[in-house]
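Working through the structure, step by step
Listed below are the residues making up each chain.
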Amino acid sequence: MNVVFLGPPGAGKGTQAEAISKQAGLKHISTGDVLRAAVEAGTPVGLKAKKYMEKGLLVPDEVVVDIVAERISKNGRAKSFLLDGFPRNLNQAKVLDETLKRINSKLDVVFYFAVSEETAIARLTGRWICPGCGANYHQAYMPPQKSGICDKCGKALQQRPDDKVETVKERLEVYKKQTADLIEYYERQGLLKKVSADRGVEEVYREVIKALDSLTKGK
Ligand code: AP5
């Protein structure tokens, strides 16, 4: 069951991907996480990506597609995957199709997490991340037990540099101009499942798990 999570920044893709990949035994590939780790490590990819990420722009395809193609090809068909944050434009979607074809595999479902712009902004500007273990919080919706401190590893929480309100607005514009076309691309292929992501974390989780269960049974 190869899965893509599509949707605007702040739709809750990362939160759901973390839980659902564990529950469903899928390999979670988040291009945002991979790029942030590269920036942190100061690798050549990270140095290239940083200036785009800070501005809320997409990192050029030539940097991103190889990262994903390599991970999928290496894994082969050993484990199904959940792609979170990729593809983000038509070119990336086509590269993904070709990569899967090469390993005799295909996409099974694309979950489109639909959320209002107002909700997305409120979620992103209130998000806090643990630099130690990567746990994700929200100051109002998913607060840590002790303000500013990670429940899991005790490190001080940080805000993502691209979660400042102006950068969030830019990211939402980039999504509308470059990524939203993928909704129609996958709808035409009969792969799209729309999830109303304005609801609570648990409700969204249950809907996706239920849909995955019925797709697995129908295979
Ligand atoms: P990336 O890390 O992928 O960011 P994004 O797509 O903008 O998504 P976010 O992580 O901001 O939001 P999310 O939907 O995962 O929400 P989350 O679950 O965290 O990409 C970052 C950058 O990397 C891009 O801007 C680009 O520069 C580059 N990049 C990445 N992939 C690329 C690609 N393929 N091509 C080119 N460039 C690429 O939730 C957000 C907050 O809301 C959290 O605080 C969470 O606790 C809370 N929350 C989540 N769900 C709920 C809920 N149901 N109710 C209440 N609160 C909730």
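Values in this document were obtained by computation on a predicted structure and should not be read as measured data. Residue positions within a chain follow its written sequence, with the count starting from 1. At least 70 in pLDDT is required for a residue's local features to be given in this predicted model, at least 80 for side-chain atom pairs to be given and counted, and no such filter applies to totals for whole chains, interfaces and linings, which use all residues. Computation of side-chain values: all heavy atoms of the structure, hydrogens and water removed.

Another point: the site of the ligand. Note on terminology: near, applied to a residue and a molecule or strand, indicates that one of the residue's heavy atoms is within 4 Å of it. Taken together, 35 residues lie near the ligand, and Thr15, Leu57, Arg88, Arg127 and Arg171 sit nearest. Gly14 is positioned with one of its backbone polar atoms (N or O) 2.8 Å from an oxygen atom of the ligand. Residues adjacent in sequence count toward polar contacts only when both atoms are side-chain atoms; beyond that, a polar contact is any pair of N or O atoms within 3.5 Å, and within protein one must be able to donate a hydrogen and the other to accept it. With respect to the ligand, the side chain of Thr15 contributes an N or O atom lying 2.5 Å from an oxygen atom. Numbered from the N terminus, helices here are DSSP runs of H or I no shorter than four residues, and strands are runs of E no shorter than two. Secondary structure elements with two or more residues in the shell around the ligand: helix 1 (13-24), helix 2 (31-41), helix 6 (117-125) and strand 6 (136-138). Here the element with the most residues in the shell around the ligand is helix 2; it accounts for 4 residues. Here the term charged refers only to Asp, Glu, Lys and Arg, the term nonpolar to Ala, Val, Leu, Ile, Met, Phe, Trp, Tyr, Cys and Pro, and the term polar to all other amino acids, Gly among them. Counted by class, the shell around the ligand contains 15 nonpolar, 11 polar and 9 charged residues.

Now for the pattern of salt bridges. Take a side-chain nitrogen of Lys or Arg and a carboxyl oxygen of Asp or Glu: if they are within 4 Å of each other, that pair is a salt bridge. By the definition in use, this model includes 15 salt bridges. A salt bridge links Lys22 to Glu18, with the nearest nitrogen and oxygen atoms 3.2 Å apart. Remark: Glu18 and Lys22 occur in helix 1; sequence separation between them is 4 residues, near one turn of the helix. Residue classification places Glu18 among the partly exposed residues on the basis of a relative accessible area of 40%. Here Arg171 makes a salt bridge to Asp162, at a shortest N to O gap of 3.7 Å. The residues Arg171 and Asp162 share a single accessibility class, namely buried. Three labels apply to residues, based on accessible area from a 1.4 Å probe with only protein chains included: buried if under 20% of the type maximum, exposed if over 50%, partly exposed otherwise in between.

Let us now look at helix 8 (residues 181-188). Each α-helix turn comprises 3.6 residues. Residues three or four places apart therefore point the same way. Those residues of helix 8 that sit buried are Leu182, Ile183, Tyr185 and Tyr186. The buried side chains of helix 8 occupy one side of the element, clustering within an arc of 165 degrees when seen end-on. Among the exposed residues of helix 8, those pointing more than 90 degrees away from its buried face are Glu187 and Arg188. Buried-residue contacts for helix 8 involve strand 1 (3-6), helix 5 (90-102), strand 4 (109-114), helix 7 (165-179) and strand 7 (192-196). Following helix 8 by one or two positions, Gly190 has its phi on the positive side, about 70 degrees. Regarding the arc, it is the one traced by the directions from the helix axis to the C-beta atoms. Throughout, a residue-residue contact means that at least one pair of heavy atoms, one from each residue, lies within 4.5 Å.

A separate point is unusual backbone geometry. Cis geometry marks the peptide bond from Phe86 to Pro87, where omega comes out at 0 degrees. Structurally, the position occupied by Pro87 is in the loop between strand 3 (81-84) and helix 5. Even without a glycine there, the phi angle at Asn104 is positive, about 60 degrees. By the element assignment, Asn104 lies in the loop between helix 5 and strand 4. According to the relative accessible area criterion, Asn104 is exposed, its value standing at 61%.

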